[in-house]
Structure formats: C-alpha cells, structure tokens
Amino acid sequence: MRYIFVIFSLVFLTFSAGLAQVDTLGADSTLLNIAPPAPISNLTVYDKANDHGHALILEWKPSPDDAAGKNTVMMYEIYRSESPDGPFENIGSVPSGNSRYDNIGILEKEARDYIPDNTDLYYRVDAVTINPEIRTSSEIFGPVRSYSNWFHRGRVPVLFAVLIFGGLMMYFVSVARKGAELYVRPLAGIAAVDDAIGRATEMGRPILYILGLGTADMISTIASFTILSRVAKQVAEYQTQLIVPCYDPIVMTVAQEVVKSSYLDAGHPDAYNDDMVFYITTNQFAYVAAVNGIMMRELPATNVYMGKFYAESLILAETGAVAGSIQIAGTDEVGQLPFFIVACDYTLIGEELYAASAYLGREPLMLGSLKAQDYAKAAVIILSILGIIAANFGWTAFTNIFKVLD
Amino acid sequence: MKRQIPIFLVFVFGVFMVFQYFSPHEASEWIYKFLMDWIYIIGIFAMALGIWSLIHVSYDKIKHKRHDWGYSVVTLAALFTMMFFGITGFNENGEWGFYFMTQEGLTNPMFRNFFNHILVPIETTMFSLLAFFIASAAYRAFRARNVLATMLLVSALIVMLRFNPYFGDTFGFYMNKTAAWLLNVPNMAAKRAILIGIGLGMVGTALKVILGIERGYMGKG
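All values reported here derive from a predicted model rather than from experimental measurement. (Residues numbered from 1 in each chain as written. Chains lettered and ligands numbered in written order. Predicted model: local features only at pLDDT ≥ 70, side-chain atom pairs only at ≥ 80, totals over all residues. Heavy atoms only, no water.)

Looking at the packing of aromatic side chains
Geometrically, a pair of aromatic rings is defined through the distance of the ring centres and the angle of the planes. For the structure on display, the rule yields 23 aromatic pairs over all chains. The interplanar angle of 75° and the centroid separation of 5.1 Å between the aromatic rings of Y171 of chain A and F172 of chain A together place this pair among those described as edge-to-face. Taking the centre distance of 4.9 Å and the plane angle of 25° together, the rings of F172 of chain A and Y375 of chain A count as stacked. A residue pair is termed long-range when its members are at least 10 positions apart, and F172 of chain A in helix α2 (residues 156-177) and Y375 of chain A in helix α10 (residues 364-393) qualify at 203 residues. A relative accessible area of 46% places Y375 of chain A in the partly exposed class. Put simply, the rings of F84, F85, W96, F98, F100 and F114 of chain B pair up and form one aromatic cluster. The cationic tip of R124 of chain A hangs over the ring face of Y79 of chain A; the distance from NZ or CZ to the ring centre is 4.4 Å. K65 of chain B extends its terminal NZ or CZ atom over the ring of W69 of chain B, reaching a point 5.1 Å from the ring centre. (Phe/Tyr/Trp six-rings, centres within 6.5 Å; stacked < 30°, edge-to-face > 60°. Helix = DSSP H or I, 4+ residues; strand = E, 2+ residues; numbered from the N terminus. Buried < 20%, exposed > 50% of the residue type's maximum accessible area, 1.4 Å probe, protein only. Lys NZ or Arg CZ within 6 Å of the ring centre and 35° of its normal.)

Observations regarding the pattern of salt bridges
In a structure, side chains of opposite charge can pair up when their charged atoms sit close to one another. Considering all chains together, one arrives at 12 salt bridges over all chains under this definition. Of the charged contacts, one joins D126 of chain A and R124 of chain A as a salt bridge, the two residues approaching to 3.0 Å between their closest N and O atoms. Residue D126 of chain A is classed as buried on the basis of its relative accessible area of 1%. The exposure class of R124 of chain A is buried, given its relative accessible area of 18%. Residue D60 of chain B is joined to R66 of chain B by a salt bridge in which the shortest nitrogen-to-oxygen separation is 3.2 Å. Through salt bridges that share partners, E77, R124, D126 and R135 of chain A make up one connected network. (Salt bridge = Lys/Arg side-chain N within 4 Å of Asp/Glu carboxyl O.)

What about helix α4 (residues 109-141) of chain B?
Its 33 residues give α4 of chain B an end-to-end C-alpha distance of 47 Å, which sits within 8% of 48 Å, the value for a rise of 1.5 Å per residue. The principal kink in α4 of chain B, of about 30°, is found at F115 of chain B. Within α4 of chain B the residues assigned to the buried category are F111, M126, L130, F133, A137 and A141 of chain B. Each element contacted by the buried residues of α4 of chain B is listed here: α6 (284-298), α7 (312-322) and α8 (337-343) of chain A together with α3 (70-87) and α5 (147-161) of chain B. With a side-chain oxygen positioned 3.0 Å from the backbone nitrogen of M110 of chain B, the residue opening α4 of chain B is N108 of chain B. (Expected span 1.5 Å × (residues − 1). Bend = angle between axes of the 7 residues up to and from the residue. Contact = heavy atoms within 4.5 Å. Polar contact = N/O pair within 3.5 Å; in protein donor to acceptor, adjacent residues only side chain to side chain.)

Here we look at the sheet that holds strand β14 (residues 346-349) of chain A
All names here are of chain A. Here we have 6 strands laid out as an open sheet, ordered β11-β10-β9-β12-β13-β14, and parallel in their pairing. Each edge of the open sheet carries a strand with a single partner, namely β11 (277-279) and β14. Adjacent strand axes in the sheet meet at a mean angle of 15°, parallel and antiparallel pairs treated alike. Running at roughly 170° to β11, helix α5 (residues 249-265) makes contact with β9 (207-212), β10 (242-246) and β11 of the sheet. With respect to the sheet, α7 is in contact with β12 (302-308) and β13 (326-331), its orientation differing from that of β12 by roughly 170°. (Pairing = 2+ DSSP bridges. Axes fitted to C-alpha atoms, helices over the stretch in contact; angles between N-to-C directions.)

A short note on the pairing of β10 of chain A
Residues and elements named next belong to chain A. Among the 5 residues in β10, 5 count as buried, and that is most of the element. Of the two faces of β10, both are covered, the one formed by L242, V244 and C246 as well as the one formed by I243 and P245. Direction of pairing for β9 relative to β10: parallel, over a ladder of 2 bridges. Opposite L208, over in β10, you have I243 as the bridge partner. The β-α-β motif built from β9, the intervening helix α4 (residues 219-238) and the parallel element β10 has right-handed crossover chirality. With 3 bridges joining them, β10 and β11 adopt parallel strand pairing. (Right-handed = clockwise from strand over helix to strand, strands pointing away.)

What about the domain arrangement of chain A?
Residue and element names in this part refer to chain A. Along its sequence, chain A is organised into domain 1 (41-144), domain 2 (153-175 + 366-401) and domain 3 (182-362). Here the C-alpha centre of domain 3 lies 33 Å away from the C-alpha centre of domain 2. With both chains or domains summed, domain 2 and domain 3 bury close to 850 Å², and 71% of this area falls on carbon and sulfur atoms. Of all residues in domain 2, M366, L367 and L370 give up the largest surface area on contact with domain 3, accounting jointly for 60% of the area buried on that side. Seen at the junction of domain 2 and domain 3, the total is 1 salt bridge. Notably, a salt bridge pairs K377 with E351, separated by 2.5 Å at the nearest N-O pair. Joining domain 2 to domain 3, the criterion identifies 1 residue pair in polar contact (both at pLDDT 80 or more). Here the element with the most residues in the side of domain 2 that touches domain 3 is α10; it accounts for 7 residues. (Domains from an automatic or database assignment. Buried area = accessible area lost by both parts, 1.4 Å probe.)

Quick notes on the interface of chain B and chain A
Put simply, an interface is often sized by how much accessible area is lost when its parts join up. At the interface, 64 residues of chain B touch 72 residues of chain A. Buried area between chain B and chain A, both sides added, is near 5800 Å², and the carbon and sulfur share of it is 71%. Summed over the shared surface of chain B and chain A, the result is 0 salt bridges. Here chain B and chain A share 12 residue pairs in polar contact (both at pLDDT 80 or more) between them. Residue assignment for the side of chain B that touches chain A shows that the elements contributing at least two residues are α1 (4-22), α2 (26-63), α4 and α6 (169-210) of chain B. If you tally residues by element for the side of chain B that touches chain A, the top one is α2 of chain B, at 18 residues. For the side of chain B that touches chain A, the class distribution of residues is 36 nonpolar, 15 polar and 13 charged. (Nonpolar A, V, L, I, M, F, W, Y, C, P; charged D, E, K, R; others polar.)

Considering the sheet that holds strand β2 (residues 55-61) of chain A
The pairing of strands in a sheet comes from backbone hydrogen bonds and takes either a parallel or an antiparallel form. All names here are of chain A. As summarised here, the arrangement of the 3 strands in space is β1-β2-β5, forming an open sheet in which the pairing is antiparallel. Lying at the two open borders of the sheet, with one neighbouring strand each, are β1 (41-47) and β5 (100-104). The average angle at which neighbouring strand axes cross in this sheet is 15°, direction not considered.

Quick notes on the side chain of S313 of chain A
All names here are of chain A. Secondary-structure assignment places S313 in helix α7. Residue S313 is classed as buried on the basis of its relative accessible area, which comes to 0%. In this structure S313 touches Q336, F339 and F340, once residues within four positions along its chain are discounted.

Overview of the domain arrangement of chain B
According to the domain assignment, chain B consists of domain 1 (13-61), domain 2 (67-141) and domain 3 (143-216). Using only C-alpha atoms to locate each centre, domain 2 of chain B and domain 3 of chain B end up separated by 37 Å.

Here we look at the confidence of the model for chain B
All names here are of chain B. This prediction gives chain B a mean pLDDT of 88; 99% of its residues lie at or above 70. Here strand β2 (residues 96-98) stands out as the element of chain B with the lowest mean pLDDT, 84, in contrast to α3, whose mean of 93 is the highest. Predicted as a complex, the structure gets a pTM of 0.83 and an ipTM equal to 0.88. (pLDDT = per-residue confidence, 0-100.)

Quick look at the structure:
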C-alpha cells in the first residue's frame, strides 16, 4: 500500500511539473507579443545647483503607457554618452512611476560613476517593458554640462545672519574700547568659582577640573580652556593643587599649555608640573572609572565640569556629590543639563558656558561680544514672533526668507 | 612673535572654514578634506604624548609609593599586556610574529579574549551604574520643596507613568495626551530656547577665536 502511495505521488509531481512548464512557455509567448511602449517626453537635464559639480539632474514626463490600468512600462533606464552619436552607456534605472533621476557622480576620476565637469554630455531615457528587449528610447538630450559652484545660494540667509552678527560684535567691541560701561548679568556658577578655590585652599584639598569628552576642535572645549586658564591662574596664586585628567590626547596637550601659561602669568612657573594635566584614555567608561577613582581617593574640595559631556555626566556628578565636593558644571549638551542641575551645586546652562570667559575676564573686548550676543538673541525673539504670525496667516513669502538649503 | 603666529594661523584657517561652508566648490572641498586629514596626523602624535603621560604619571606614583599606588601597577600591566597582544599574532601561514603595520594583532585570541571578556563587561558595569545614579538623582530632584519643584514632580510622574498598562483606556489615553503635550510644548520650547542661545554663543565664540579676541586656548584668557 505504501509503495502504491509513493508511486502515485511521483506520478502526480511529474504531471504538475509538466503543467508548470507549459504555463511558463505560455507566459513567454505572451512576453514576446508586448507592444513597444510610448516614449517618455519633455526630457530635460540640468546641472545640480549648489554642489561640488559632477552631478546632473534628469526630469521627464512619463510614458503614457506608464499609467494605471496599462502598466506595460516596468522601469526607465538612463543612458549617457559624450557624443550624440554614442556609444551610450547605461548608468542607472528607476522603477516606473518615476520622472526624475539624480545622476550624482563620484569625485575620483578612476571610478565608474565619475562624471567629468565642463564636458558636453548627452542623455537618453528608455521606457522598458517586462521583456527587456521591448523598449522605446527617448530623444537624445544635450549637450549639457555639470559645474562646480563657488557659492551656495541656499545659504544666503546664514551669510546675512553671520554678517549682521559680526557687525554687531564689531560695533559693541568698539563701544567697549571707548570705555563705555557694559552690564553683564551675574553668573552664579562663575561667581562660585572664586569661593570654591578659596574653600579648597582652606581645606588643603585639590581642585579637579574635567574638560569633558569633547575634542579640541569643539567650541565647548575651547570655552572650557578659557575657564581652565582663569581657574589655573587663581589656583597658582593660592598655591592649591590642581588635577586635570584628560580624555583626548590633543586636549591634554593644549590644556598643559594653558595651565603652564596661567602659572607663568600668576608668577609661579616653578609650581607648575606636567603631571597636573594628564591623559587617561579615550574610552568613555574607562575614563569615568578612572576619574571616579580620583574623586574617591583624593576627595577634591571642588569639582569643575566644563565642556562636552554625554552619558557619563551623571555618574561623574553623583560620585562627586558622594565625595562631598562642591560641584560647578557647564555644558552645551542639552540632554545632560538636567543631570548636572540635579547633582551639582551650580550649573552653567548652554550659552552661559561661552559667556563665562567674558564674565571672568571682564575685558572690554570680551564684554562687547557678549553684548552683541544679547542683541542677536533679542532679534531672534522678535523674528520668531513675526514668524509665528506669518506662518499662522500663511505669509510664506516671509517664512521663505529664512529657508536654508543643504 | 610666539603669540602672533598662532593667532595669524587661527585667523587664516578660521576664515577658510567660514568660506568653505558657503562654497561647495571642488577645490574648497579638497582643501577642507586635506585639513581634516591633519587632525588624524596630529591625533596620532598626540596619542604618543598621551600614552607617555599615562606611563609617566603611573610610574611616578609607583616609584614614590603614593597613596593607592597598586592601581597604577594594574594600569601599567594592563596597558603593556594589551599592547603586546595587539602587535603580535599569527599570520596566514600560522607563523607567530610582531605586526606593527598590519592587523594580525587584532585577531590575536588573547587580545580578543581580554577585550571581550574583561574590558567589555567592565564597561557595561560602569554604564549600568547609571541606572542607580538616575534613581538617586531623581529622588533628589523630585522632592516637593516648593511650587516649582512640585510641578516638576507631577510632570515627571505623568511622563513616566504614561505607558502603564493598568490605567485602562480612558485614563491612559488622557495620560498619554498630557505627557505628549508636556514633552512637545513646554519641554520643547525650553529646549529650543537653550539651543538658540547655544547657537549664538557658538558663533560668538568662534568669531572671537578667529578675530583673536578669545585667546584662552593659548593660556591667555
């Protein structure tokens, strides 16, 4: 009985396979009988704006056969040549329903996708059916050239904003130079630095300065260097111990120079030691472990966190709180600000980190630039209110002025 | 002269960086990439200085038997062990050797074992500490000491409890809606205000550095 079942199964499978073969042959014969589709129309090719060149955009009106109910066009193949007579090379394809192709070339000459700039190019788009041999080519478009642009027109609003801001800064710096009194709102966090250094001196404990996880090219790290320079100068005057463990070797090298110069300015170059500023590691949590160890062993009187911080912010600040240190933090990393606010005694929020250097120095030049920032903020507030009104009333002409393109 | 040359260099390269933002030209991009490559070159030299600094500080601690000097022994032992296994290994022919310029060291089983079974678990442990620190920080932040702190406490409770499945459809729906409003309106408004201030502060500081007004990074703050 079992053998009969096996034989029947084999016969059934063979018969089914035969039927499938017949079906495929039928489908093949249908494919051969497809009528060629209508070609695409209105093919235009133009240089991609605001780029480094080597890129062209193709746009066209789809084939009338690329529509609901017809669907004989399966895709469009794009061909390019340096001569209208060919040979044309297939450079890509898009599925049916599309009417645009971005021909973005690679900058390297050796690459297959390289598109030469300032060279006449000719394009053709083929409407291709399910049978790749049945297709209709468009008319050849060309010549067209790609160019490299010297100016990004989509960034004009940014240019104006920078020029206006720069002008404001120059004006207030010149006003400050003439001796005008410029008021700067007191920053509690920075005012506390003096007290914190005094406290450390009285307790005979060190000050721990953390520059964060930022690299030397980050603005927050640069701002932190300025604050470190002030702190180091005061530390040198009070003859207190300073510890600066670094995450980045370049930051360490710069920080060493900053601290050294501050000790020199304070008249205590002999008190400076290269081991005050040292490198630990560029591994985030290994760095945290090392700094936490320093906190628990050395029990610093004051911990100063200034710069770029990520997930380690709370681990550092909570350990510092456990060690009983006075803690002053400042960062422009919005996500970490709540952690510092909770765990530290004083926190410089966002831009206060940048303002700190001007506040500490009290130099007219620095205060002038700070004043320019305040006026720029006022301008942003006014423009935001106008933008809200314009957006609500549909005045797109106003909102479009501020549109920045990538 | 010692100060003028760095200030001049900062001005030239700072102005170029501003220029390249507005100029997508191929030449501008090429110079930008070329300058960025220098960061890697400087970084490699600085790394040597960094490792030397670590060795020097740790050795000094061991030499003078400073407080908890044993940790420095562990640091140096770990550094040299990983360094040794990182530059030694077996090549395609199964020959053991030192490989300074190729990647054989990274496939060294000892290097991989130390990395996967010691370094990674330690890192994970450090990161997981964050959960406990968040709890202790939240306890401190969410004490209803005054009206503002109470508002913070209530808002935090709504945001944290919005996904609680036991609230039922109606109450859960309103909790979700309130939490979304808290996150998208007052929270977002405050965040954006801080971000606008940060943006202006960044531009201001960058201009000050380019123009030589801000010289804190040279120890002249």
